[in-house]
Amino acid sequence: DTGVSQNPRHKITKRGQNVTFRCDPISEHNRLYWYRQTLGQGPEFLTYFQNEAQLEKSRLLSDRFSAERPKGSFSTLEIQRTEQGDSAMYLCASSKEDRGFGNQPQHFGDGTRLSIL
Amino acid sequence: KNQVEQSPQSLIILEGKNCTLQCNYTVSPFSNLRWYKQDTGRGPVSLTIMTFSENTKSNGRYTATLDADTKQSSLHITASQLSDSASYICVVSGVWGKLQFGAGTQVVVTP
């Protein structure tokens, strides 16, 4: 299966620690998205890349959050000085390039569940 | 205020029965509407995608409808199975590809 792969699947850490998640998109997809999902809610957009360029960031992405996609393939999402409110599922999705009409389906990974102690 | 509202928040149905989930949206301009199924602890999986010119789309026992005039969509599940227990998320895409997610309807199918 060459779907979107995320790791780790689960991360438990103490408040104040830094964490990094990785996402490997579907190989021919040049768009990559990060979302955050809390219990009972739909995913919330964080940021997205087209190839290696980060084209949009949500206001939810505070300065403690940083995302990279250095070679236009895999991406990492880092959270510095974690807080209790960061506990959530972090989802990655990828899609083919969208010509501006939003018709390309996004394929999601199974997420990384972050728990802050 | 969320631009995509789903109802009911949750529902319980007996195996073999049908059910219908609702989605109302205010996203404008509108490009397409998608329904995703999300199993517990997994990522969402696409069920259907409809552009503004389509008013129905089926995927097996799942049938989605869209009324772009009233900005309403529904997802109908026929002859429910235990494996249909999941959260069903309505997602609306604006013209420039920005997705707006509903909070989902949690469906529990009981034997």
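Anyway, here's the lowdown on the structure attached to this text. Bear in mind the structure is a predicted one, so any value in this text is a computation, not a measurement.

Thresholds applied
Every chain is numbered independently, its residues counted from 1 as its sequence is written. Think of it this way: whatever chain is written first is A, whatever ligand is written first is 1, and the rest follow in order. Residues qualify for local features only when their pLDDT is at least 70, as the model is predicted, and side-chain atom pairs are given and counted only at 80 or more; totals for whole chains, interfaces and linings, by contrast, use all residues. The basis for every side-chain value is the complete set of non-hydrogen atoms in the structure, without hydrogens or water. Helix and strand definitions follow DSSP, with helices as H or I runs of at least four residues and strands as E runs of at least two, each counted in order from the N terminus. Note on classification: 1.4 Å probe, protein chains only; a residue is buried when its accessible area is under 20% of the maximum for its type, exposed when over 50%, partly exposed between these limits. Counting of polar contacts relies on pairs of N or O atoms within 3.5 Å, with two restrictions inside protein: one atom must be capable of donating a hydrogen and the other of accepting it, and residues adjacent in sequence are counted only when both atoms are side-chain atoms. Between two residues, a contact is recorded if the distance between any of their heavy atoms is within 4.5 Å. A pair of strands is labelled paired if DSSP reports no fewer than 2 bridges between them. To define axes, lines are fitted to C-alpha atoms, for helices over the stretch in contact only, and angles between the resulting N-to-C directions are given on a 0 to 180 degree scale. The buried area of a pairing is the accessible area, by a 1.4 Å probe, that goes missing from both parts when the two are put together, added over both. By salt bridge we mean one thing: a side-chain nitrogen of Lys or Arg within 4 Å of a carboxyl oxygen of Asp or Glu. Ten residue types, Ala, Val, Leu, Ile, Met, Phe, Trp, Tyr, Cys and Pro, are classed as nonpolar, four, Asp, Glu, Lys and Arg, as charged, and the remainder, Gly among them, as polar.

**Quick word on the side chain of S73 of chain B**
All names here are of chain B.
Link 1 in the chain: Following the sequence through the fold, S73 ends up in strand 8 (residues 72-77).
Link 2 in the chain: In this structure S73 comes out as buried when scored by relative accessible area, which is 2%.
Link 3 in the chain: Within the structure, S73 has its side chain in polar contact with the side chain of W35 (distance 3.0 Å).
Link 4 in the chain: Polar contacts involving the side chain of S73 include one to the main-chain carbonyl oxygen of T65, which spans 2.7 Å.
Link 5 in the chain: The contact partners of S73, leaving out residues within four places of it in the chain, are L21, Q22, C23, L33, W35, M50, T65 and L66.

**Topic: the sheet that holds strand 3 (residues 19-24) of chain A**
All names here are of chain A.
Link 1 in the chain: An order of 1-3-8-7 is seen for the four strands of this open sheet, with the pairing classed as antiparallel. Of all strands in the sheet, those bounded by a partner on one side alone are strand 1 (5-7) and strand 7 (65-68). If you compare each strand with its neighbour and ignore which way they point, the axes differ by 15° on average.
Link 2 in the chain: Sheet topology places strand 7 next to strand 8 (residues 75-79); four bridges connect them, and they run antiparallel. Bridge pairing links E68 to T76 in strand 8.

**With respect to the interface of chain A and chain B**
Link 1 in the chain: Taken residue by residue, the interface counts 21 residues in chain A and 22 residues in chain B.
Link 2 in the chain: Both sides of the chain A and chain B interface together cover about 1,600 Å² of buried area, and 49% of this is carbon and sulfur.
Link 3 in the chain: The interface formed by chain A and chain B includes one salt bridge.
Link 4 in the chain: A salt bridge links R42 of chain B to D110 of chain A; the shortest N-O distance between them is 2.8 Å.
Link 5 in the chain: Along the contact surface separating chain A from chain B lie six residue pairs in polar contact (both at pLDDT 80 or more).
Link 6 in the chain: Residues belonging to the side of chain A that touches chain B are distributed by class as follows: eight nonpolar, ten polar and three charged.

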